[in-house]
Amino acid sequence: MAFRRKNIKHKHGTPNPVIDAEEQVMLAQVDKALSSSGNSQTIGRNGELPLQSFFSRYLPNTLSARSGHFVTPSGLRSPQIDIMIIDSRYPLLAENSDGSVLAMLHSVIYCIEVKTNIRTTDLAKMGNHTKEIISLAKNGFAKTNGDPGVSCIAFAYKSECRARTLADEYFDIFVNGSTHTDLYL
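Residues numbered from 1 in each chain as written. Predicted model: local features only at pLDDT ≥ 70, side-chain atom pairs only at ≥ 80, totals over all residues. Heavy atoms only, no water.

Caption draft 1: Molecular detail of the nonpolar core. Core analysis: the biggest nonpolar cluster contains 15 residues, and Phe-70, Ile-81, Met-84, Val-108, Cys-111, Ile-133 and Val-150 have the highest contact counts within it. Those elements giving two or more residues to this core turn out to be strand 2 (81-87), strand 4 (101-104), strand 5 (108-118) and helix 3 (120-141). With four residues, the top contributor of residues to this core is helix 3. Dropping the residues within four chain positions of it, Ile-133 is found in contact with Phe-70, Pro-79, Ile-81, Cys-111, Val-150 and Cys-152. Core analysis: the second largest hydrophobic core is formed by 12 residues, Ala-65, Ile-85, Ile-112 and Val-114 among them. (Core = buried A, V, L, I, M, F, W, Y, C linked by side-chain atoms within 4.5 Å. Buried < 20%, exposed > 50% of the residue type's maximum accessible area, 1.4 Å probe, protein only. Helix = DSSP H or I, 4+ residues; strand = E, 2+ residues; numbered from the N terminus. Contact = heavy atoms within 4.5 Å.)

See the structure below:
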């Protein structure tokens, strides 16, 4: 009796079915949080956790996805960051019982702000948050070309407004390197 093995390779240019299933699970978790709670902190955390868990499953072992703060060499602490992609080869300065961490600036590669349902009013706050992160990174550990060494990303599951409206506001706020943030919807 011959065993037939299923070929799991997908066709180039088509969505990966495993990642597509991951996306559906994350969206369902966010929808559940939106339906079951009116508390913005609870909803926000339930948007961060599925994405952080996704990164933890798919990033190589040398990288990890954690929430918390980073500290510059001069001792300045960053604002709270929803998800930091950090180089795991650097030790953490502290890890709290809720899983949040205090990391060295040198270990931070990306700072990700997560929104379950983005509005145009969120963009200005994100711009200020990014400006503070990039300023701390540049003052603490700028590369020779002036690059802060840390990139900022915003990730939103849904948008309350039309994409065009969001794009117009985005390009008004994120116009230079001091607030550059890539936005993924």
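Caption draft 2: Up close: the packing of helix 1 (residues 17-36) against helix 2 (residues 40-58). Two elements in contact, helix 1 and helix 2, have axes separated by 8 Å at closest approach and are oriented at 160 degrees. With respect to helix 2, the axis of helix 1 lies roughly antiparallel. Taken as a pair, helix 1 and helix 2 cross one another with a handedness that is right-handed. On the side of helix 1, the interface is formed by Val-18, Ile-19, Glu-22, Met-26, Gln-29, Val-30, Ala-33 and Leu-34, while helix 2 contributes Ile-43, Asn-46, Gly-47, Pro-50, Leu-51, Phe-54, Arg-57 and Tyr-58. When grouped by side-chain class, the residues that make up the contact of helix 1 with helix 2 number 11 nonpolar, three polar and two charged. (Axes fitted to C-alpha atoms, helices over the stretch in contact; angles between N-to-C directions. Parallel < 35°, antiparallel > 145°, perpendicular 65-115°, else oblique. Left-handed = near helix turned anticlockwise from the far one by under 90°. Nonpolar A, V, L, I, M, F, W, Y, C, P; charged D, E, K, R; others polar.)

Caption draft 3: Layout of the pairing of strand 5. For strand 5, a buried count of eight out of 11 residues is recorded, marking the element as mostly surrounded by other parts of the structure. Judged from the four bridges that link them, strand 2 and strand 5 form a sheet pairing that is antiparallel. Bridge pairing in strand 5 links Met-84 to Cys-111. For strand 5 and strand 6 (residues 151-159), the ladder comprises eight bridges, and the chain directions are parallel. Residue pairing across strands places Ile-118 opposite Ser-159, the latter belonging to strand 6. (Pairing = 2+ DSSP bridges.)

Caption draft 4: The packing of aromatic side chains, seen in detail. One pass over the full model with this rule turns up five aromatic pairs. Seen in terms of ring centroids, Phe-155 and Tyr-157 are 5.0 Å apart; in terms of plane orientation they differ by 90 degrees. Their pairing is edge-to-face. Between the aromatic rings of Tyr-170 and Phe-171, the centroid separation amounts to 5.0 Å while the plane-to-plane angle is 85 degrees, which identifies the pairing as edge-to-face. Each member of the aromatic cluster is reached from another via a ring pair, and the members are Phe-54, Phe-55 and Tyr-58. (Phe/Tyr/Trp six-rings, centres within 6.5 Å; stacked < 30°, edge-to-face > 60°.)

Caption draft 5: Focus on the sheet that holds strand 3 (residues 94-95). Here seven strands make up an open sheet; going across it, the order is 3-4-1-2-5-6-7 and the pairing mixed. Every other strand in the sheet has two partners, leaving strand 3 and strand 7 (182-184) as the edge strands with one partner each. Sheet topology note: the strand 1 (residues 63-71)/strand 2 ladder contains five bridges and is antiparallel. Its bridge partner lying in strand 2, Gly-68 is registered against Ile-81.

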